Amino acid sequence: MTMLFTDDRLVTARRLLAALRTVPALAARYPAELSTLDDLMSLPTLDKNDFNVALDHLEPRSEHGSTWIFSSGGSTGAPKLGYAPTGLYMARVHQQWAPLGPGDLFVNAWASGKLWGSHYLFNALADLCGCRIVPLGAIDEPEFDPWLAFFAARSVTSVGGTPSTLRLLFAHARAAGVTLPNLRSVLWLGEAWDPQLDADIPAVAPNAGRWGLYGSTETWVVGTNTPACAADTFHPLPTQLVHVDAEELVDITSVDPSVLNPVLRYRTGDAGQLVSCACGNPEPALRLLGRRDGVVKFRGTLVHVDDLVRDVAAMPGVRRAQLVITEHPDRASGLEVLVTGSPPDLAELRGGILAWSLDLNNLFAHDPEAFTVRVVDSLVRNVRTGKTPNLVIRHG
Ligand SMILES: [Zn+2]
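Residues numbered from 1 in each chain as written. Predicted model: local features only at pLDDT ≥ 70, side-chain atom pairs only at ≥ 80, totals over all residues. Heavy atoms only, no water.

Take the overall build of the protein chain next. Secondary structure summary: the protein chain contains ten helices and 19 strands in total. Taking 396 residues into account, the globule formula puts the C-alpha radius of gyration at 21 Å, and the protein chain, at 22 Å, falls close to it. Taken over the C-alpha atoms alone, the protein chain extends approximately 65 × 55 × 35 Å along its principal axes. Across the 396 residues of the protein chain, 48% fall into the buried class. Relative to all contacts within the protein chain whose residues are 6 or more apart in sequence, the contacts with residues 24 or more apart total 62%. In the form shown here, the protein chain has an accessible surface area of approximately 18,400 Å², with 53% of it arising from carbon and sulfur atoms. Averaging the positions of the 33 positive and the 42 negative side-chain charges in the protein chain gives two centres separated by 3 Å. (Helix = DSSP H or I, 4+ residues; strand = E, 2+ residues; numbered from the N terminus. Rg over C-alpha atoms; globule rule 2.2 N^0.38 Å. Buried < 20%, exposed > 50% of the residue type's maximum accessible area, 1.4 Å probe, protein only. Contact = heavy atoms within 4.5 Å. Areas by Shrake-Rupley, 256 points an atom, 1.4 Å probe, with all protein chains shown as cover. Lys, Arg positive; Asp, Glu negative; His and termini not counted. Charge placed at Lys NZ, Arg CZ, Asp CG, Glu CD.)

Below is the structure:
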């Protein structure tokens, strides 16, 4: 790494600081100067709300080419907007990460449109790799058989999507006896890796390795993962400064000269540790420990969604779980726990979930019918992103 490059990073960090100082609601938090990159640690972190306030004020525009606008969260109400320059920063990713080569035929199965960036980001990567690309978009179970036949007939070498989509696709392929011996890479982004894929992929595509990216619409790609890395461990790009505080909360500073979003000590909501990766890359890698913002206020009580979902999924016969909260205008909210698998005794499962915490038990003391547990074939997926959230909120 040259000194010039370090200077470039400082120039970008100073530009982001100056931009944030123009945001009326945030200006007073920030010092006027940043002498060195080490001084970043004296700046306050930005949470998602601060970040959206800043973007609303800044409305960044790219100096060259087009400015892409995507949704940076806001699952209810109007989408919050995030910005990226043409190319979507994928040249940096391409320098560090090589899941595709010119000989590949890559199927892009991330959902397109609806302000979600993943589909376009991988098209940009394919441009840089010079491979052939099939911009498939989101597919659902009824379409799996004909598309799997297409994959086999065309000797597709690579497929990418969210782990939720990939899990359904490979489980279906395995059950149907489909084999894809030419498939050599499975690309993933958008959720944590699903361990079920470690069982299903080798049965369907014995020559395929998993290649992952970590990031968010706010930060764009932060780090890369190869088949030699642990599935929860990512190597940061040189343009993404990753910091982990004493509580293991991750914050990111983007120092790519073309960065548009004010990613200056932005807290992603993820927890992590800096570790050395099993792949042998000596640089510190980011090991993700899960979300730290998975808490929802329900009937006046904080419910730790991710913890509850994880523990329900470990109960007898349950494979996966999801919470569905239905908010009613005229009465208290209801909670439904959806589970897949075959729990031996639904009443026992219901009792087990209520016993998970005293609070949960007390919440339904007066209206037990507002808490239900249901076994389903598949959990609720977000049609925009293809992700399976731990919590779905509905309006009754
Ligand atoms: Zn590694």
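Looking along a regular strand, one sees the side chains alternate between the two faces of the sheet. With seven of eight residues buried, strand 17 (residues 334–341) lies mostly within the body of the structure. Bridging between strand 16 (residues 318–327) and strand 17 involves eight bridges; their strand directions are antiparallel. When the sheet's bridge partners are listed, Val318 is paired in strand 17 with Gly341. Connecting the antiparallel pair strand 16 and strand 17 is a turn made up of six residues. With five bridges joining them, strand 17 and strand 18 (residues 371–375) adopt parallel strand pairing. Residue pairing in the sheet places Leu335 in a bridge with Phe371 of strand 18. (Pairing = 2+ DSSP bridges.)

Next up on the list: the environment of Thr157. Mapped onto the elements, Thr157 comes out in the loop between helix 5 (144–153) and strand 5 (158–161). Classification of Thr157 as buried rests on a relative accessible area of 12%. If we skip the residues at most four places from it in the chain, Thr157 touches Asp104, Leu105, Asn182, Leu183, Arg184 and Ser185. At 2.9 Å, the side chain of Thr157 forms a polar contact with the backbone nitrogen of Leu105. (Polar contact = N/O pair within 3.5 Å; in protein donor to acceptor, adjacent residues only side chain to side chain.)

This part covers the packing of aromatic side chains. Counted under the stated rule, the structure contains 17 aromatic pairs. Where Trp110 meets Phe122, the ring centres are 3.9 Å apart and the plane angle is 5°; that geometry is what we call stacked. Separated by twelve residues along the polypeptide, Trp110 in the loop between strand 3 (105–108) and helix 4 (118–129) and Phe122 in helix 4 bring together distant segments of the chain. Through pairs of rings, three or more aromatic residues link up here, namely Trp68, Phe70, Tyr89, Tyr120 and Trp220. (Phe/Tyr/Trp six-rings, centres within 6.5 Å; stacked < 30°, edge-to-face > 60°.)

Now for helix 5. Residues lying three or four places apart along an α-helix face the same way, a consequence of the helix completing one turn every 3.6 residues. Every buried residue belonging to helix 5 is among Phe144, Leu148 and Phe151, and all of these are buried. All buried residues of helix 5 project into a common sector of 55° when viewed along the axis, lining one side. Across from the buried face of helix 5, at angles greater than 90 degrees, the exposed residues are Pro146 and Ala153. Lining the buried residues of helix 5 we find strand 3, strand 5 and helix 6 (163–175). The positive-phi residue at the C-terminal boundary of helix 5 is Ser155, with phi of around 55°. (Arc of directions from axis to C-beta.)

Donor atoms from the polypeptide that coordinate the zinc ion comprise Cys229 (SG), His235 (NE2), Cys277 (SG) and Cys279 (SG), at 2.0 to 2.3 Å from the metal. The site at the zinc ion holds four donor atoms, and with the angles between them running 100 to 115°, its shape is tetrahedral. Taken in sequence order, the residues that donate to the zinc ion follow the motif C-x5-H-x41-C-x1-C. On the criterion of sequence distance, the pair formed by Cys229 in the loop between strand 8 (220–225) and strand 9 (233–236) and Cys277 in the loop between strand 12 (266–275) and strand 13 (285–291) is long-range, its members being 48 residues apart. (Donors = N, O, S within 2.8 Å, 3.2 Å for Na, K, Ca; no water. Tetrahedral: all angles 85-135°; square planar, octahedral: opposite > 155°, others 65-115°.)

Turning our attention to the sheet that holds strand 10 (residues 240–244). With respect to topology, eleven strands assemble into an open sheet ordered 4-3-5-6-7-8-9-13-12-11-10, the strand pairing being mixed. The sheet is open, and its two edges are formed by strand 4 (132–134) and strand 10, each paired on a single side. Direction aside, neighbouring strands of the sheet carry axes that sit 35° apart on average. Pairing analysis gives five bridges linking strand 10 to strand 11 (residues 249–254), with the strands arranged antiparallel. When the bridges of strand 11 are listed, Gln240 appears paired with Ser254. Its contacts with the sheet put helix 4 on strand 3, strand 4, strand 6 (185–188), strand 7 (209–216) and strand 8, and the angle it makes with strand 3 is roughly 170°. (Axes fitted to C-alpha atoms, helices over the stretch in contact; angles between N-to-C directions.)

All right, on to a nonpolar patch on the surface then. Together, Ile69, Leu81 and Leu115 line one region of the surface with nonpolar side chains, adding up to about 210 Å² of accessible area. Residue classification places Leu81 among the partly exposed positions, given a relative accessible area of 32%. (Patch = residues over 30% accessible without salt bridge, like charges linked within 9 Å, V, L, I, M, F, W, Y side chains within 5 Å. Salt bridge = Lys/Arg side-chain N within 4 Å of Asp/Glu carboxyl O.)

That is the geometry; function is a separate question.
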